[in-house]
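The residues making up each chain are set out below.
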Amino acid sequence: MLRVGRTNGFGGKLTFFHPTFAARFADMRVQFGPGSRNTLRAEVERLGCRRALVLSTPQQSDTALGFAEMIGDLAAGVFSGAAMHTPVEVTEEAVKHAADVGADCVIAVGGGSTTGLGKAIAWRTDLPQIVVPTTYAGSEATPILGQTEGGRKTTLSDPKIQPEVIIYDPQLVATLPLAMTNTSGLNAMAHAVEALYAQNRNPVSSMLATEGLAAFVSGLPKLAKAPTDEDARGETLYGAWLCGTVLGQVGMALHHKLCHTLGGSFNLPHAETHAIVLPHATAFNERAVPGLLAPVAEMLEADHAGQALHSFAQKIGAPTALKDLGLSEPDLDRAAQIATENPYWNPQPVTRDAIRALLQTAWEGTPPER
Ligand code: NAD
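How each quantity is defined
Residues numbered from 1 in each chain as written. Predicted model: local features only at pLDDT ≥ 70, side-chain atom pairs only at ≥ 80, totals over all residues. Heavy atoms only, no water. Phe/Tyr/Trp six-rings, centres within 6.5 Å; stacked < 30°, edge-to-face > 60°. Helix = DSSP H or I, 4+ residues; strand = E, 2+ residues; numbered from the N terminus. Buried < 20%, exposed > 50% of the residue type's maximum accessible area, 1.4 Å probe, protein only. Axes fitted to C-alpha atoms, helices over the stretch in contact; angles between N-to-C directions. Parallel < 35°, antiparallel > 145°, perpendicular 65-115°, else oblique. Left-handed = near helix turned anticlockwise from the far one by under 90°. Contact = heavy atoms within 4.5 Å. Nonpolar A, V, L, I, M, F, W, Y, C, P; charged D, E, K, R; others polar. Core = buried A, V, L, I, M, F, W, Y, C linked by side-chain atoms within 4.5 Å. Pairing = 2+ DSSP bridges. Lys, Arg positive; Asp, Glu negative; His and termini not counted. Salt bridge = Lys/Arg side-chain N within 4 Å of Asp/Glu carboxyl O. Polar contact = N/O pair within 3.5 Å; in protein donor to acceptor, adjacent residues only side chain to side chain.

Asks: Just to check I follow, could you spell out the packing of aromatic side chains for this structure?
Replies: Aromatic ring pairs: the centre-centre distance and the angle between the two ring planes describe each pair. For the structure shown, the criterion picks out three aromatic pairs. With 5.7 Å between their ring centres and 45° between their planes, phenylalanine 32 and tyrosine 168 make a pair best called tilted. Highlighted residues: phenylalanine 32 in strand 1 (residues 29-32) and tyrosine 168 in strand 8 (residues 165-168), separated in sequence by 136 residues. Judged by centre distance (6.5 Å) and plane angle (50°), the ring pair of tyrosine 168 and tryptophan 241 falls under tilted. Here tyrosine 168 is found in strand 8, whereas its partner tryptophan 241 is found in helix 8 (residues 230-249), with 73 residues between them in sequence. Relative accessible area serves as the criterion here: at 0%, tyrosine 168 is assigned to the buried category. By relative accessible area, tryptophan 241 is classed as partly exposed at 27%.

Below, the structure written as structure tokens:
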């Protein structure tokens, strides 16, 4: 059992308490545990629904068909067109399909792409959503929707977007290939790292972020050795819930800005980019807020959070160099320019030169500087 929290950046106290804060908690039901997918029919009925449209990517259409079979006469149909970055044209097709089959709720089975489609439908129609996540992305726990139109990705937040029910079944994540397990896990950890120094953090968000990180620090190395270890799948999926929850509660900073830039303008893959950038963005911000990042260093049994995350990524076999994702070295100048044009709030002041240097190290895959 990992013990963290002795140094938590709030004046060295044993808790994350601080005297003034505001917090927001979403109203959602969570079913967690191996085999919990079998509660799906009961969850549809609990929502008062009778015609569920099951959503998935083309790659997971068999799983979606299996889910439709599982709920029998409560299934209105299956739509397996979900795609990365939630293209609006796919959503419009799915909304039409939902109307044609008379759907009164949606069931999203898959990773962030499928969850995104469910949220995009709900935002337009207010249909209730049940999400059954099969990656660690954490989108199911947020009221945030990112969608793409004409090659441009925009993000919005609305209570209508927040799913009503999440069913976390570790047996469904066990099919996630090891490479994606690692990158998706680090993607989730990135939400929690940034939550620790968020301007609008509160004691509960810091507690959730620390516990979520600890679940991955404990679980991912076990999965690197035994990818179908059910306990470790459960532990990491629990981490995904906590990390997704804090993503929905507090603001993100430099790390997410860099990943949105690299994904949006250079088409780099989502989870891999998060995995590679995280140690570098963390080390950069650690210069400004070492105390707030101390729980990360502490749980990784190291002195510096950024460097410890780099070693952790290497240990579990995650990618560490942007050059391996196909980004060319000359692109780094433009990436630094775009990422610093409209910067998010960040604890460490952001300059173009500093970000260019950070990107160089991330591109080469060498450990971040302190
Ligand atoms: P993904 O949903 O695109 O999945 C990647 C691929 O893996 C897909 O082909 C999928 O079908 C497959 N897959 C998923 N689970 C599997 C499993 N258990 N076994 C085998 N194959 C499986 O990837 P992702 O990283 O989960 O999601 C990325 C998307 O989510 C991005 O568009 C990102 O912007 C979005 N996202 C949104 C939020 C939010 O709060 N709005 C949060 C995190 C991520």
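Asks: Can you walk me through the packing of helix 10 (residues 270-286) against helix 14 (residues 352-364) in this structure?
Replies: The packing of two helices is summarised by the inter-axis angle and the distance between the axes. Between helix 10 and helix 14, the shortest axis-to-axis distance is 9 Å and the interhelical angle comes to 140°. When the axes of helix 10 and helix 14 are compared, the pair comes out oblique. Here the hand of the crossing between helix 10 and helix 14 comes out right-handed. Residues Ile276, His280, Ala281 and Phe284 of helix 10 form the contact with helix 14, whose own contacting residues are Ala354, Ile355, Leu358, Thr361 and Ala362. Partitioning the contact of helix 10 with helix 14 into residue classes produces seven nonpolar, two polar and no charged.

Asks: Would you mind showing me how to read the nonpolar core here?
Replies: Proteins that are soluble and globular tend to have nonpolar side chains buried together. Among the nonpolar cores identified, the biggest contains 50 residues, and Tyr136, Leu186, Met189 and Val296 are the most heavily contacted of them. For this core, the secondary structure elements donating two or more residues are strand 8, helix 6 (178-196), helix 7 (203-225), helix 8, helix 10, helix 11 (294-299) and helix 12 (305-316).

Asks: How should the sheet that holds strand 5 (residues 129-133) be read in this particular structure?
Replies: Within a sheet, adjacent strands bond to each other through the backbone by hydrogen bonds, running parallel or antiparallel. With respect to topology, six strands assemble into an open sheet ordered 1-8-5-4-2-3, the strand pairing being parallel. Either end of the sheet is taken by a strand with one partner, and the two such strands are strand 1 and strand 3 (75-79). For this sheet the average axis-to-axis angle between neighbouring strands, irrespective of direction, equals 15°. Inspection of the sheet shows strand 2 (residues 52-55) paired to strand 3 by four bridges, in the parallel sense.

Asks: When you look at unusual backbone geometry in this model, what are you seeing that I'm missing?
Replies: Excluding glycine, residues mostly have negative phi values, and the peptide bonds linking residues are mostly trans. The phi torsion at histidine 85 lies on the positive side, around 70°, for a residue other than glycine. Position of histidine 85 relative to the elements: it lies in the loop between strand 3 and helix 3 (88-100). Within the chain, threonine 86 stands out as a residue other than glycine whose phi angle is a positive 45°. Take threonine 86: it is sitting in the loop between strand 3 and helix 3.

Asks: What is the right way to read the environment of methionine 252 from this model?
Replies: Within the secondary structure layout, methionine 252 lies in the loop between helix 8 and helix 9 (254-266). Using a relative accessible area of 15% as the deciding quantity, one classes methionine 252 as buried. Placed 59 residues apart in sequence, methionine 252 and valine 193 show a C-alpha to C-alpha distance of 9.3 Å. Excluding anything up to four places from it in sequence, methionine 252 contacts His191, Glu194, Ala195, Val246, Leu247, Tyr344 and Trp345.

Asks: What is the right way to read the side chain of arginine 201 from this model?
Replies: Position of arginine 201 among the secondary structure elements: in the loop between helix 6 and helix 7. Here arginine 201 sits buried without a salt bridge, and the closest side chain of opposite charge, glutamate 194, lies 12 Å off (N-O distance). In terms of polar contacts, arginine 201 uses its side chain to reach the backbone carbonyl oxygen of alanine 198, at 3.0 Å.

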